[in-house]
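Commentary on secondary and tertiary structure
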Amino acid sequence: MAAVLEGLEPEETAAAAEDAARFAVEAVESRPGAPFLLVGNQLNLDVHPGGCHRLQYLCSQQPPELLQVEFLRLSTHEDPRLLDDTLAQVPWSLLRLRSLVLKGGQSRGALGACLHGTLTTLPAGLSDLACCLAHLDLSFNRLETLPPCILELRSLDALLLSHNRLSELPEVLGALPALTFLSVRHNCLEKLPATLGSLSALQRLDLSENLLDTIPSEIGNLSNLSELNLASNRLQNLPASLEPEAFSVSILSRFPEPTLNQHLPTAGLRSLRLLVLHSNLLTSVPTGLAHLPLITRLDLRDNQLRDLPAELLDAPFVRVQGNPLGEASPAPPSPPDISQIPEMPRLFLTSDLDSFLVTPHGCSVTLACGVRLQFPAGATTTPITIHYRLWLPEPHLVSLGPHDFLLSGVLELQPHGVAFQQDVSLWLLFVPPRVQRCREVVVRTRSDDSWTDLETHLEEEAPKRLWARCQVPHFSWFLVVLRPVSNTCLLPPEGALLCSSGHPGVKVTFPSGATEEPRQVSMQVVHMAGLELRALLEESEASVSPLLCLSQSGPPSFLQPVTVQLPLPPGVTGFSLDRSHLHLLYRTPSTATWDDITTQVVLELTHLYARFQVTHFSWFWLWYTTKTCVGGLARKAWERLRLHRVNLIALQRRRDPEQVLLQCLPRNKVDATLCRLMDRYRGPEPSDTVEMFEGEKFFAAFERGIDVDADRPDCVDGRICFVFYSHLKNVKEVYITTALDREAQAVRGQVSFYRGSLPVEVPQEAEAARQRKGTDALWMATLPIKLPRLRGPQGSGQGTDFSLMPLNLGDAETGFLTQSNLLSVASRLGPDWPTVALHLGMPYRELQRIRHEFRDDLDGQIRHMLFSWAERQAGQPGAVGHLVQALEQSDRQDVAEEVRAILELGRHKYQDSIRRTGLAPEDSPLPGTSASQTPKSAQA
């Protein structure tokens, strides 16, 4: 054990020892004589953290079952030194190892991106497995060069290197004679070795999502190759060796006559069935591709092909969408004179502009709403005017899945459907979400009547400023969405395996013959917290597996049963569960019910997983509970997961009933918010739960004689506008007034919330009750508001003016500023408000509190700072002078001059009014009206 813990820090040593001890107990209790997570000849140590410590413990104990292990899975999200030491023990402990999976990607970042493992190389000792190791998966790691020991694994059948940082492959790669499957997807390859053509046994080759601009002609030597994927590269042409006829000619020219029979294969790529070349820069393809004897699919989408041979154009297995076929080829451009090429224009649009011009020279555009676009040179052949508009999210403009979250408004770019000669880059600014497990940020766009997700890259400009960058295929509507991670694959007739990158153990196996034509299949997995479920069901032992959503294109059913694997609910093992408590639930997208199909399928249980077979896709969920009617419980859990049900709240301040707090909250946050606000507010209970569309706009309108103070800058026609986002704080605090005479009694009214546009006439209560029964009713909730009688100075109850008493800041010496004056000052401060606040004497801690309370609302931060300071200065002499001095010390002389102008205007008004009433002669000085004086009645 000491060898296992050597080289660790004291804290790490203690943790490792504790983990190993716990693992030893699990090994004994789970199954006599069999280590934990060891099922048959498979050892899975990537499901739980601490896999390296567990493997080292097993190697030190050498149980008999360890010698039978042929399949090992180990996560690479470990300390690099610990991982290297652990892998060094594998060759002499696992003598029969046939499959070694060292993948990263099980963990995800705050924005849903897969985190790569720490693996950068492999120990040389792994070459001792050369006689037995047939499968090696190193995906989602940080390999920059191929480890030398791999080239000595002569029995290697499958090598997976996707999602690494490889810039090249070694020339000696051809020394792997048994290799049939090679995947180097999503790396940085710029060229390929010619020896790649020496892999005579190779059947599947995936080189997609790299930087390849050419491929060697020797690739035509791969006579057993059945699948070749070169998508998303920079290929401009293909070697002639891909054509059977041209390949034979090229071979004849290379070998002397006596050796022809020895070296010449019968045909090149004679076994090729699937050739994927989409998303490249191809301008032409070899004609002979149509004569490949076994070809079933040729994907040429999204290239620059303007003409295709008739054999390819008419072939049913060829996909050519996204190519400018039939257009006249432009004349070959002459070499550009670099000195004559103008610099790309940069445009910064103001808020009053909604269009801009794009020329063939290209341009970089920053819109007033914060969106950026980059049109490369040559993107358009003629000048074109682009129009844009930023829409508030509305149901007819936004498509959200049941577990999606909206992160931005809706950007519309016109003209719709315009085609550019080169891709246009689009940057959309969005609010960073809170940490979401297994979720990712994507840009969603509308094409015709359907929505699609674009390949999106995230760029961080500041801690709270993130850009979603994508390549725009057309002009339409665009928005940023946070969705569950989606894993997709192209299902060929030969079958495939689809795994979840965020939830180990969730996978779908497609057998051969499940489909006749290739189809796209996708998977999304949603996790539900155990504590939340147990509180919902009021059952301490209840647990559920991740929620699995499966979808596919093409016919609704498969020709052969498809095997689905789900991990058992947490705390449940296949050897200890009570099968009567295990339920498999199924839900179709068109219905709102969950069906228990446990008795309709055959559930095969292992120690960790449950497997079953289906013939069509939908939602699947594995529950472990003592409840008998599970369907209704699953519906409640489903609604809790969605978080799109909200409550609308209207509360009055205890010390100032004319000030009302309006708030829109996700349903699960209402109780905690009410408890927190109880001391400061009073008012009605929240309204009934309302099914809200995230990002939807709705209004709050005060009725029956109660109106919103018209001086509010966020008030339009007596209404306050909200936009609901489940991850943001939607709060408005407003002053309300009435035109009614409330001399004798308190004024009663109501605040009503409306979806969409407010009706011209407010419906009566009976009409409102009728409308609320409809699913699409505009009326959503009505909450009562009661304003007390306006009391005079002596509490006599007299007074008919209900308008809010203005805030008069200052004194007779320095002058007075009204509430409207302070709003004008607040609108001018902008990002300089913290400096002004510090010069006003506000503590830095209070500034931090304001920033947090009004995050993502700069205007709210400024107004709260200024008015909270002004309230504390009420009745204090010299307050206005202090404000002017703070503005000057903050280098905001412009605002200071504006305040002085306001004071001067008030002084003149007061002097004129005094003289008009005859209280003072025209030429006599007025007492108390020096340059720094303005009486209280002068309210500018």
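Fair warning: this is a prediction, and the values are worked out from it, not measured in the lab.

What follows is about the overall build of the protein chain. Scanning the protein chain from terminus to terminus reveals 18 helices and 50 strands. Every one of the 940 residues in the protein chain was classed for burial, and the buried ones make up 49%. Looking at the protein chain alone, contacts between residues at least 24 apart form 62% of all its contacts between residues at least 6 apart. In the form shown here, the protein chain has an accessible surface area of approximately 45,000 Å², with 52% of it arising from carbon and sulfur atoms.

A separate point is empty space enclosed by the protein. Within the structure shown, the criterion is met by four cavities of 30 Å³ or more. Reported here for the largest cavity is a volume of approximately 70 Å³. In terms of lining, the largest cavity is formed by Glu227, Arg273, Leu274, Thr296, Arg297, Leu490, Pro492, Pro493, Glu494 and Pro518. When the residues that make up the lining of the largest cavity are grouped by side-chain class, the tally is five nonpolar, one polar and four charged.

This part takes up the sheet that holds strand β28 (residues 507-510). Taken together, the five strands give an open sheet; going across it, the order is β27-β28-β32-β36-β35, and neighbouring strands pair in antiparallel fashion. Edge positions in the sheet fall to β27 (496-499) and β35 (604-605), since each of these pairs with one other strand and no more. In this structure, β27 lies alongside β28, joined through four bridges in antiparallel fashion. Within β28, the residue paired with alanine 496 across the bridge is phenylalanine 510.

For the rest of this paragraph, the subject is the pattern of salt bridges. With the rule as written, the count across this model stands at 19 salt bridges. The shortest N-O distance in the salt bridge between arginine 98 and glutamate 70 comes to 3.5 Å. Of this pair, arginine 98 sits in the loop between α5 (90-93) and β4 (99-101) while glutamate 70 sits in the loop between α3 (51-61) and β3 (71-74), and the two are 28 residues apart along the sequence. Salt bridges here are not isolated pairs; linked through shared partners, they connect Asp404, Glu440, Arg444, Asp453 and Arg483.

Two strands in a sheet stick together by hydrogen bonds in their backbones, pointing the same way (parallel) or opposite ways (antiparallel). The strand order β44-β45-β42-β47-β48 describes an open sheet built from five strands, whose pairing is antiparallel. Of all the strands in the sheet, just β44 (715-716) and β48 (779-787) have a single pairing partner and so form its edges. Inspection of the sheet shows strand β42 (residues 697-703) paired to strand β45 (residues 719-723) by five bridges, in the antiparallel sense. The residue bridging phenylalanine 699 from the neighbouring strand is cysteine 721, located in β45.

Residue placement: threonine 673 occurs in helix α11 (residues 670-677). Beyond its immediate chain neighbours, meaning those up to four positions away, threonine 673 contacts Gln663 and Leu665.

This part is about the side chain of aspartate 206. Locating aspartate 206 in the fold gives a position in strand β8 (residues 204-206). Although buried, aspartate 206 forms no salt bridge, and the nearest oppositely charged side chain, arginine 185, lies 4.9 Å from it. Here serine 208 takes part through its side chain, which lies 2.8 Å from a polar atom of the side chain of aspartate 206. Not counting residues up to four positions away in its chain, the partners in contact with aspartate 206 are Leu182, Ser183, Val184, Arg185 and Asn229.

The topology assignment puts leucine 159 in strand β6 (residues 158-160). Residues leucine 159 and valine 184, spaced 25 residues apart in sequence, show a C-alpha to C-alpha distance of 8.6 Å.

A few words now on the packing of aromatic side chains. Throughout the structure, instances matching the rule amount to 13 aromatic pairs. The interplanar angle of 45° and the centroid separation of 5.5 Å between the aromatic rings of tyrosine 586 and phenylalanine 620 together place this pair among those described as tilted. In this pair, tyrosine 586 is assigned in strand β33 (residues 582-587) and phenylalanine 620 in strand β37 (residues 619-624), connecting sequence segments 34 residues apart. With relative accessibility at 13%, the residue tyrosine 586 sits in the buried group. What makes phenylalanine 620 buried here is its relative accessible area of 1%. Geometry around phenylalanine 181 places arginine 204 over its ring, the cationic atom sitting 4.2 Å from the centre. The aromatic ring of tryptophan 467 is capped on one face by arginine 372, whose charged end is 4.4 Å from the ring centroid.

This brings us to the confidence of the model for the protein chain. Residues with a pLDDT of 70 or more make up 77% of the protein chain, whose mean pLDDT is 77. Here residues 246-267 is a poorly scored stretch, pLDDT under 50, and it has 17 contacts once near neighbours within four places are set aside; other chains count. Ignoring residues within four places in sequence, the model shows residues 335-341, a span with pLDDT below 50, making one contact including any to other chains.

Take the nonpolar core next. Counting residues in hydrophobic clusters, the biggest one holds 77 residues, and the most contacted among them are Leu122 and Leu205. Contributions of two or more residues to this core are made by β2 (42-45), α3, β3 and α4 (80-88). If you tally residues by element for this core, the top one is α3, at four residues. When neighbours within four sequence positions are excluded, leucine 205 is seen to be in contact with Leu182, Leu196, Ile219, Leu222, Leu225, Glu227, Leu228 and Asn229. One finds Leu349, Phe405, Leu411 and Leu482 within the second-largest nonpolar core, a separate group that totals 34 residues.

This paragraph deals with the packing of α3 against α4. For the pair α3 and α4, the least separation of the axes is 10 Å and the interaxial angle reads 30°. Viewed along their axes, α3 and α4 adopt a mutual orientation that is roughly parallel. The two elements α3 and α4 meet at a crossing, and its hand is left-handed. The residues of α4 that touch α3, namely those facing Cys52, His53, Leu55 and Gln56, are Leu82, Leu83, Asp85 and Thr86. Among the residues forming the contact of α3 with α4, the class breakdown is four nonpolar, three polar and one charged.

With that settled, consider α3. Quick reminder: α-helices carry 3.6 residues per turn. Residues three or four places apart thus point the same way. Most of α3 sits out of view: nine of its 11 residues are buried. Regarding α3, the residues found buried are Gly51, Cys52, His53, Arg54, Leu55, Gln56, Tyr57, Leu58 and Cys59.

For the rest of this paragraph, the subject is the pairing of strand β25 (residues 477-484). With eight of eight residues buried, β25 is to be regarded as a mostly interior element. Across two bridges, the pairing between strand β18 (residues 405-406) and β25 is antiparallel. Bridging across to β25, leucine 406 finds its partner in valine 481. Examined bridge by bridge, strand β19 (residues 410-414) and β25 share two bridges and lie antiparallel to one another. Each residue of the ladder has a partner; that of leucine 411, found in β25, is phenylalanine 478. Strand direction decides the pairing type here: strand β21 (residues 439-447) and β25, joined by seven bridges, are antiparallel. Across the sheet, valine 443 pairs through a bridge with valine 480, a residue of β25.

In this section: unusual backbone geometry. A negative phi angle characterises most non-glycine residues, just as the trans form characterises most peptide bonds. Cis peptide bonds are those with omega within 30 degrees of zero, and the linkage from glutamine 414 to proline 415 qualifies with 5°. Here proline 415 is to be found in the loop between β19 and β20 (424-430). Even without being a glycine, glutamine 62 presents a positive backbone phi close to 50°. Tracing the backbone through its elements, the reader meets glutamine 62 in the loop between α3 and β3. Classification of glutamine 62 by relative accessible area gives partly exposed; the value is 32%. Of note, phenylalanine 140 is a non-glycine position whose phi angle comes to about 55°, a positive value. Mapped onto the fold, phenylalanine 140 is located in the loop between β5 (135-137) and β6. The exposure class of phenylalanine 140 is buried, given its relative accessible area of 16%.

Each value, and the rule that gives it
- Residues numbered from 1 in each chain as written.
- Predicted model: local features only at pLDDT ≥ 70, side-chain atom pairs only at ≥ 80, totals over all residues.
- Heavy atoms only, no water.
- Helix = DSSP H or I, 4+ residues; strand = E, 2+ residues; numbered from the N terminus.
- Buried < 20%, exposed > 50% of the residue type's maximum accessible area, 1.4 Å probe, protein only.
- Contact = heavy atoms within 4.5 Å.
- Areas by Shrake-Rupley, 256 points an atom, 1.4 Å probe, with all protein chains shown as cover.
- 1 Å grid on protein atoms, 1.4 Å probe; cavity = no way out; pocket = protein on both sides within 12 Å on 5 of 7 lines; lining within 4 Å.
- Points joined across faces, edges and corners; volume = space filled by probe spheres on them.
- Nonpolar A, V, L, I, M, F, W, Y, C, P; charged D, E, K, R; others polar.
- Pairing = 2+ DSSP bridges.
- Salt bridge = Lys/Arg side-chain N within 4 Å of Asp/Glu carboxyl O.
- Lys, Arg positive; Asp, Glu negative; His and termini not counted.
- Polar contact = N/O pair within 3.5 Å; in protein donor to acceptor, adjacent residues only side chain to side chain.
- Phe/Tyr/Trp six-rings, centres within 6.5 Å; stacked < 30°, edge-to-face > 60°.
- Lys NZ or Arg CZ within 6 Å of the ring centre and 35° of its normal.
- pLDDT = per-residue confidence, 0-100.
- Core = buried A, V, L, I, M, F, W, Y, C linked by side-chain atoms within 4.5 Å.
- Axes fitted to C-alpha atoms, helices over the stretch in contact; angles between N-to-C directions.
- Parallel < 35°, antiparallel > 145°, perpendicular 65-115°, else oblique.
- Left-handed = near helix turned anticlockwise from the far one by under 90°.

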